[in-house]
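# Structural overview
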Amino acid sequence: MDGIHPHFTARTFFSFLFLILLQTTTANICSAPQIVNFQENNTVGDVVQTITVKPGVTLEFKPPPANPDNPFRLDGNNLTAERVLDSEAAETHTVDITCTEIATDLKLGLSIVVVVTNVNDNPPVFELNLYRVDVNEMSPVDMSLGRFPATDLDSPTLYYTLTSESDGFKLRSPTNPDLLVKTPLDYERIKTVQLILSVQDTPLTPANSRVTFSATTTIVVTILDVDNRPPWFQPCSKHEIGGAVVCQSAGYTGRVVLNEQEIGVLPLEPGPLHAIDGDSGIDEKMTYSFLSGNADGLFEINANTGNITMLKPADVLRTISLTVLAAQEINSYQFATTTVTVSVQVKSLHRPQFQKPQYEGVITAVGMMAMDPKNKDEPLQILATDDDYAATGGINPLITYYVNGSSDFSVVGGYLFMTKDLPEGTLSLQVVATDESNEESATAQLSVEVASVIVPSGGYGLVDMAVLGATLGVLLLICLVVIGVLAFCIRKGNADWRKIYEASMFQSSLAQGGQKEGIQYTNEAFQNDDDGGSTGSGGPVGGSVMAGRAAGDLPLNKAIAQSLGPLHALLHDDTSLAGSDKADNEKEVKPILTKERRMDEGYKSVWFKEDIDPDAKEEVVIIPDSREDDSEEEDEEPSSSGREDDEDDNLRIKTQKVVFNDADLDSGLGVKMEDPAEDSEGDEVLTVDL
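The following paragraphs examine the structure supplied in this document. Because the structure is a prediction, the values reported are computed rather than measured. (Residues numbered from 1 in each chain as written. Predicted model: local features only at pLDDT ≥ 70, side-chain atom pairs only at ≥ 80, totals over all residues. Heavy atoms only, no water.)

## A word on the overall build of the chain
A count of helices and strands for the chain gives 8 helices and 42 strands. Looking at the chain as a whole, 36% of its 690 residues are labelled buried. Within the chain, counting contacts between residues at least 6 apart in sequence, those at least 24 apart form 60% of the total. When the accessible area of the chain is evaluated, it comes to approximately 40200 Å², of which 53% is carbon and sulfur surface. (Helix = DSSP H or I, 4+ residues; strand = E, 2+ residues; numbered from the N terminus. Buried < 20%, exposed > 50% of the residue type's maximum accessible area, 1.4 Å probe, protein only. Contact = heavy atoms within 4.5 Å. Areas by Shrake-Rupley, 256 points an atom, 1.4 Å probe, with all protein chains shown as cover.)

Structure, rendered in structure tokens:
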């Protein structure tokens, strides 16, 4: 204690009063403070108080003889400690001293009260080293589980902290060791919690360097289960939703054979039908029943075990869905449901069978397909057939493959792949083929040689070849783009050449005197100049020529051949120009394309009717030169082929008719030229694309 202890007895009070009165009488020969503070845990011989005395005055304890339990002694005029004092044993000590003056033999009494001040030398102490507490998992937050204080002889105020393996509990305050529930409890998650309660006799964040004493104790909290969960069908997947745990069952599946009754308990996947109490600390008994799906009475369920048995055969190929209810026997409001799916199938007469008892393969890298060692260009194919599927050559689409006891390999579509890097060597494995419809299976031995790909010296690896392929692909793309650009340019150039060629042909036809009469061009040849492939063009490709035969003209075939000849053959030279003066004496024939029938001398006309009815197949007639007989006479007498011409003695040429077919009238792509006088296979017929 740092000061005077607050608890003094009445005797002590009166002693102080007496000492004060006595001090007035002894002040002349000796004096000392009435109250002296002296710290406990002292050293023997420490001076408690020095008494002031006159010369010739002696001091002795009163009453003589001295008290044997007196913890002090007089050393001259010094009051010293005879032993170690303890504030917890005695808080105060009264020392009575007699002062004697030798000269006068005057004796006076002197009393001193020694207050032993307290020092923090005792640790706090818990009553028990281990406390045990039970708490219901449904206990509300902030509910008290009990108070666990410690005691300290030196300090009335202690400070507590709580450490634990769970944050579900807390203290009411740092100075109040009342244990409270902090968060909702769950027996299924935590059944027992061990808490460590610590205490110290100084503040948790001390402002000075006072010596601190501390202590600890253990509190074991046991959480009690409460019936707050329904049954859980096994197996199930647990999910936490809003602090509650839900266990989801995927249901059960089974198979039965058509027109056959299953004997005994119906086998189910992933296991027998079974439910447990969601509150494992209670583990209440379950009862089972069909909720729906068993209207025809094919199955029966055991109410105590949940085992399903078959009462009669199924006579229809179908899938039966049964809903099963599991409820607690006592608290029936706690229940759960699941689905049992039973497939009715045709009986399997044959099991899967591998085509070979043993397969051998060579594989070089992860993700690579195993190859046949006998024919390294062929992949290793693992195949099992089922004689129940004779119609498909034994191929059962429900057969799956896997390598037994090894995850290093995978069989996909009957081909073997390596799934992770393995050292070189030969592995002996077993491959399994399973019919998923009835779980029938077959096995075969599998020998796999793991080998590395050896790249010859100076050769290229897979990465190098991939880079080369990518480079060649880019070059190929560039080449295709260049070819496309060149093709576009060439096509545009051909259109320009055709226009030049058509102009040259037209000029040639005007300059060549007699030959021009046998060749006529339509105005469409010079329309749509940008369209090099127009059907009316007079170029070398697809050129359209309307030809007629008249007196003095070239033969029809020859005229067409000249019109399709090379450009230099058709162009006139200087000699032909010089000879053009001779042609002035002859009657000039001017070609014209018109919609009006003109009878003027010197014109050769192609006359089109204003409105041509496609269904009537109207004819377009090329009117002959005026030097011939009247065109109307030729129309009236088309068969007169024996007449002679005027002075030229040339045979009279039959007038050609241009006949438009039905399709040609719509598209304008062709004309048919024929003799109007005759309709036989011997007639001269020419079809020219427009």
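## Let's talk about the sheet that holds strand E9 (residues 106-117)
Here we have 4 strands laid out as an open sheet, ordered E2-E9-E8-E5, and mixed in their pairing. The sheet is open, and its two borders are formed by strand E2 (35-39) and strand E5 (57-61), each paired with just one other strand. Across the sheet, the mean angle from the axis of one strand to that of its neighbour is 35 degrees, orientation sign disregarded. Here 5 bridges tie E2 to E9, and the two strands are oriented parallel to one another. In the sheet register, Asn-37 faces E9, and the bridge partner there is Val-115. (Pairing = 2+ DSSP bridges. Axes fitted to C-alpha atoms, helices over the stretch in contact; angles between N-to-C directions.)

## A short note on the packing of aromatic side chains
In total, this model carries 4 aromatic pairs according to the counting rule given. Taken together, a centroid distance of 6.3 Å and an interplanar angle of 55 degrees make the contact between Phe-126 and Tyr-160 tilted. Of this pair, Phe-126 sits in strand E10 (residues 125-126) while Tyr-160 sits in strand E14 (residues 159-164), placing them 34 residues apart in sequence. By relative accessible area, which is 8% here, Phe-126 ends up buried. A relative accessible area of 5% means that Tyr-160 is categorised as buried. With a centroid separation of 5.0 Å and an interplanar angle of 70 degrees, the aromatic rings of Tyr-131 and Phe-148 are classed as edge-to-face. (Phe/Tyr/Trp six-rings, centres within 6.5 Å; stacked < 30°, edge-to-face > 60°.)

## Thoughts on the pairing of strand E11 (residues 130-136)
Of the two faces of E11, only the one carrying Tyr-131, Val-133 and Val-135 is buried; Leu-130, Arg-132, Asp-134 and Asn-136 on the other face are not. The pairing of E11 with strand E18 (residues 214-224) spans 7 bridges and is parallel. The partner of Asn-136 across the bridge, within E18, is Leu-224.

## Details of the state of the cysteines
Tallied over the entire structure, the rule returns 2 disulfides. One disulfide bridge connects Cys-30 with Cys-99, the sulfur atoms lying 2.0 Å from each other. Residues Cys-30 and Cys-99 are joined through a disulfide that is right-handed, its torsion about the S-S bond being 100 degrees. In this pair, Cys-30 is assigned in strand E1 (residues 30-31) and Cys-99 in strand E8 (residues 92-101), connecting sequence segments 69 residues apart. Residue Cys-30 shares its accessibility class with Cys-99, and that shared class is buried. For Cys-236, the disulfide goes to Cys-247, at an S-S distance of 1.6 Å. An S-S torsion of about 75 degrees defines the bridge between Cys-236 and Cys-247 as right-handed. Remark: Cys-247 occurs in strand E21 (residues 244-248) and Cys-236 occurs in the loop between strand E19 (231-233) and strand E20 (237-241); sequence separation between them is 11 residues. Here Cys-247 falls in the buried class, since its relative accessible area comes to 12%. What connects to what in the chain, once the bonded cysteines are numbered by sequence position, is 1-2, 3-4. (Disulfide = S-S within 2.5 Å.)

## Some remarks on the sheet that holds strand E7 (residues 78-81)
Overall, antiparallel pairing links the 3 strands, which are arranged E3-E7-E6 in an open sheet. Across the chains shown, the open sheet's two edge strands, defined by having one partner strand only, are strand E3 (47-50) and strand E6 (72-75). Taking each pair of neighbouring strands and ignoring which way they run, the sheet shows an average axis angle of 25 degrees. As defined by bridge partners, E3 adjoins E7 across 3 bridges and the pair is classed as antiparallel. When the bridges of E7 are listed, Thr-50 appears paired with Asn-78.

## A short note on the side chain of Asp-201
Residue position: Asp-201 is located in the loop between strand E17 (192-200) and E18. Reaching out from Asp-201, the side chain makes a polar contact with the backbone nitrogen of Phe-213 at a distance of 2.9 Å. Discounting chain neighbours no more than four positions away, the residues touching Asp-201 are Asn-120, Asn-122, Pro-124, Asp-152, Ser-155, Thr-157, Leu-158, Tyr-159, Val-211, Thr-212 and Phe-213. (Polar contact = N/O pair within 3.5 Å; in protein donor to acceptor, adjacent residues only side chain to side chain.)

## A look at the pattern of salt bridges
Opposite charge on two side chains makes pairing possible when the charged atoms of those side chains draw close. Scanning the model with the defined rule gives 10 salt bridges in all. A salt bridge links Arg-229 to Glu-188, with the shortest nitrogen-to-oxygen separation between them at 3.9 Å. Residue Arg-229 is located in the loop between E18 and E19, and its partner Glu-188 is located in the loop between strand E16 (176-181) and E17; the two are separated by 41 residues in the primary sequence. Taking relative accessible area as the criterion, Arg-229 reaches 6% and is therefore assigned buried. Of the charged contacts, one joins Arg-255 and Glu-439 as a salt bridge, the two residues approaching to 3.5 Å between their closest N and O atoms. Here Arg-255, found in strand E22 (residues 252-257), pairs with Glu-439, found in the loop between strand E35 (425-435) and strand E36 (441-450); they are 184 residues apart in sequence, far enough to count as distant. The exposure class assigned to Arg-255 is partly exposed, which follows from its relative accessible area of 34%. Put simply, Asp-186, Glu-188 and Arg-229 are held in one network by salt bridges that share partners. (Salt bridge = Lys/Arg side-chain N within 4 Å of Asp/Glu carboxyl O.)

## Considering the environment of Gly-56
With respect to the helices and strands, Gly-56 occurs in the loop between strand E4 (52-53) and E5. Separated by 48 residues in sequence, Gly-56 and Thr-104 have C-alpha atoms that sit 9.6 Å apart. Excluding residues within four positions of it along the chain, Gly-56 makes contact with Thr-100, Glu-101 and Ile-102.

## Focus: unusual backbone geometry
Note that the residue after Gln-234, namely Pro-235, is joined by a cis bond; omega there is -5 degrees. Position of Pro-235 among the secondary structure elements: in the loop between E19 and E20. In the segment running from Glu-269 into Pro-270, the intervening peptide bond is cis, with an omega of 10 degrees. Tracing the backbone through its elements, the reader meets Pro-270 in the loop between E22 and strand E23 (275-277). In the Ramachandran plot, Asp-142 falls in the positive-phi region, its phi being about 75 degrees despite a non-glycine side chain. Mapped onto the secondary structure, Asp-142 falls in the loop between E11 and strand E12 (144-147). Owing to a relative accessible area of 43%, Asp-142 belongs among the partly exposed residues under this scheme.

## Describing the environment of Arg-83
When you line up the elements, Arg-83 lands in the loop between E7 and E8. For Arg-83, a relative accessible area of 38% corresponds to the partly exposed category. Spatially, the C-alpha atoms of Arg-83 and Phe-72 are 7.4 Å apart, while their sequence positions differ by 11 residues. If near-sequence neighbours (up to four positions away) are discounted, Arg-83 is found in contact with Asn-42, Val-44, Asp-69, Asn-70 and Pro-71.

Any functional reading would require information that these geometric values do not contain.
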